[in-house]
Amino acid sequence: MTQQEIERIENVAKHFQFEGCLMHIEPWGNGHINDTYLLTFAIGKMGSIQVILQRINQNVFPKPEEVMENMMNVTSHLHKKILENGGNPYRETVNVIPALDNKPYYKETEHDYWRATMFISDATCYDVAESVEDFYQSAVAFGKFQSLLADFPAEELHETIKNFHNTKSRFMNFKKAVEEDVAGRAKEVEKEIQFVLDHEEDACYFVDLIEKQEVPIRVTHNDTKLNNIMIDNKTHKGICVIDLDTIMPGFSVTDFGDSIRFGASTAAEDEKDLNKVHFDYSNDLPYCLYSMSQEITLANYVEVYNDKLILYNTEQPYEFTLNQQRIVRTPGFNIYLNHVDDLSFSHDSTYVYINIQRGNENAKFKIGVYKRPIPRNNQSSECDDLFDNSEFNELN
């Protein structure tokens, strides 16, 4: 850091409600958007304390006030929820340190907004998953994040980046860019362009569901990468979701998809050697089978058909089917497995089975205990009828 940069940070720090004497400043993290610094303050005989100071990038976030309003509302909600669950809100969510005027930011100039947050010690952010467990912990942390915010009124949040995960809008922009071909390179990638165009229906699917109000609007993070999770150095558990600039109204499947995009990639996001970039889904089948077995365990009873599996609990029943080469659970359209060519279900008197075909591989797996419904008023259930179903008998 230059002396001019240090003096600027020292001046900005004077406008926040910090305690103690500023002793050390250093650039922090590997983020590409905001300018981030770690500040260390001496607090007399109590030792030292560290805080994060960030300059919000207005080229990306043109309305910093709305970014901070979102952050304050969401973290206040999380703070209460974490306390209710017996957790530590000073370690399990972001805590904003106010400026001297009690605003959640300091406006240095018209184009320079700063914010400060408490530093979470004894925890680490990983840029690359070193193990499957790392990726699992990020999934747990983001899942908990969405769960705690399930009752937050998402429609009250600002859209900090317009149409950020609106795949329908992005697809229209893609087609426009291909049509205009400003750089004259479309002929060089005709195969790739056609691949994208062939998947227009997929790109618009979830946005259409939102427009038809068939899936709920949720609070979404929109940048669900492993390095936005603080992992405890001792327990190696994901404890806190950070980088809340892109919190907006959305649908949960985009957060899931973004996490897979990052976690299943074999290279860094900014890797220039495309030969290193692949999509690794070698571990997706075990996770699918495990997740479905957990769902069956929690169900009160199940109905098994050749082309679908229906699970019943105390709430709305839901089913697993094959949809455009994906095993999905509806309502909600949760994707459990991709690249599936054929799917069927069966059962015997004890277990439920799934048969999955992917390419040249065709395998049958036991996924749970078969739970027959108890007939009521001596009436046979739909599930009982399966034992006389010729289609089922042929499968077995």
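Above: the structure in question.
Residues numbered from 1 in each chain as written. Predicted model: local features only at pLDDT ≥ 70, side-chain atom pairs only at ≥ 80, totals over all residues. Heavy atoms only, no water.

Asks: Explain the packing of aromatic side chains to me, please; I cannot follow it from the model alone.
Replies: The description of an aromatic ring pair rests on the distance of the ring centres and on the angle between the ring planes. One pass over the full model with this rule turns up 11 aromatic pairs. Ring geometry for F16 and Y106: centres 6.4 Å apart, planes at 80 degrees, overall edge-to-face. With F16 in the loop between α1 (3-13) and β1 (21-27) and Y106 in strand β5 (residues 106-109), this residue pair connects regions lying 90 residues apart in the sequence. Grouping residues by exposure puts F16 and Y106 together as buried. For the ring pair F171 and F174, a centre distance of 6.1 Å and an interplane angle of 55 degrees mean the geometry is tilted. In this pair, F171 and F174 both sit in helix α5 (residues 167-180), 3 residues apart, roughly one turn of the helix. (Phe/Tyr/Trp six-rings, centres within 6.5 Å; stacked < 30°, edge-to-face > 60°. Helix = DSSP H or I, 4+ residues; strand = E, 2+ residues; numbered from the N terminus. Buried < 20%, exposed > 50% of the residue type's maximum accessible area, 1.4 Å probe, protein only.)

Asks: For this particular structure, what's the right way to read helix α7 (residues 200-211)?
Replies: Owing to its 3.6 residues per turn, the α-helix brings residues three or four apart onto one side. Counted at 1.5 Å a residue, the expected span for α7 with its 12 residues is 16 Å, and the 17 Å between its end C-alpha atoms agrees. If you check which residues of α7 are buried, you get A203, C204, F206, V207 and L209. In this fold, the buried residues of α7 make contact with α5, α8 (252-263) and β16 (334-337). (Expected span 1.5 Å × (residues − 1). Contact = heavy atoms within 4.5 Å.)

Asks: How should the sheet that holds strand β10 (residues 238-241) be read in this particular structure?
Replies: As a general point, the strands of a sheet are linked pairwise by backbone hydrogen bonds and lie either parallel or antiparallel. On the basis of which strands lie adjacent, the open sheet formed by 3 strands has the order β7-β9-β10 and antiparallel pairing. The open sheet is flanked by β7 (123-124) and β10, the only strands paired with a single partner. Pairing of strand β9 (residues 229-232) with β10 involves 3 bridges; the strand directions are antiparallel. In the sheet register, I231 faces β10, and the bridge partner there is G238. In the packing of helix α4 (residues 132-148) onto the sheet, contacts are made with β9 and β10, and the angle to β10 comes to roughly 50 degrees. (Pairing = 2+ DSSP bridges. Axes fitted to C-alpha atoms, helices over the stretch in contact; angles between N-to-C directions.)

Asks: I keep staring at the environment of G31 and nothing clicks. Help me out?
Replies: Residue placement: G31 occurs in the loop between β1 and β2 (35-42). In the structure, G31 is positioned 197 residues away from N228 in sequence and 9.9 Å away in space, judged by C-alpha atoms.

Asks: What is the right way to look at the sheet that holds strand β19 (residues 361-369) in this model?
Replies: If you walk across this open sheet you meet the 3 strands as β17-β18-β19, and the pairing is antiparallel. At either margin of the open sheet sits one strand with a lone partner, and together these are β17 (342-347) and β19. Adjacent strand axes in the sheet meet at a mean angle of 20 degrees, parallel and antiparallel pairs treated alike. Bridging between strand β18 (residues 351-358) and β19 involves 8 bridges; their strand directions are antiparallel. Residue pairing in the sheet places Q357 in a bridge with N362 of β19. Running at roughly 30 degrees to β19, helix α9 (residues 284-298) makes contact with β17, β18 and β19 of the sheet.

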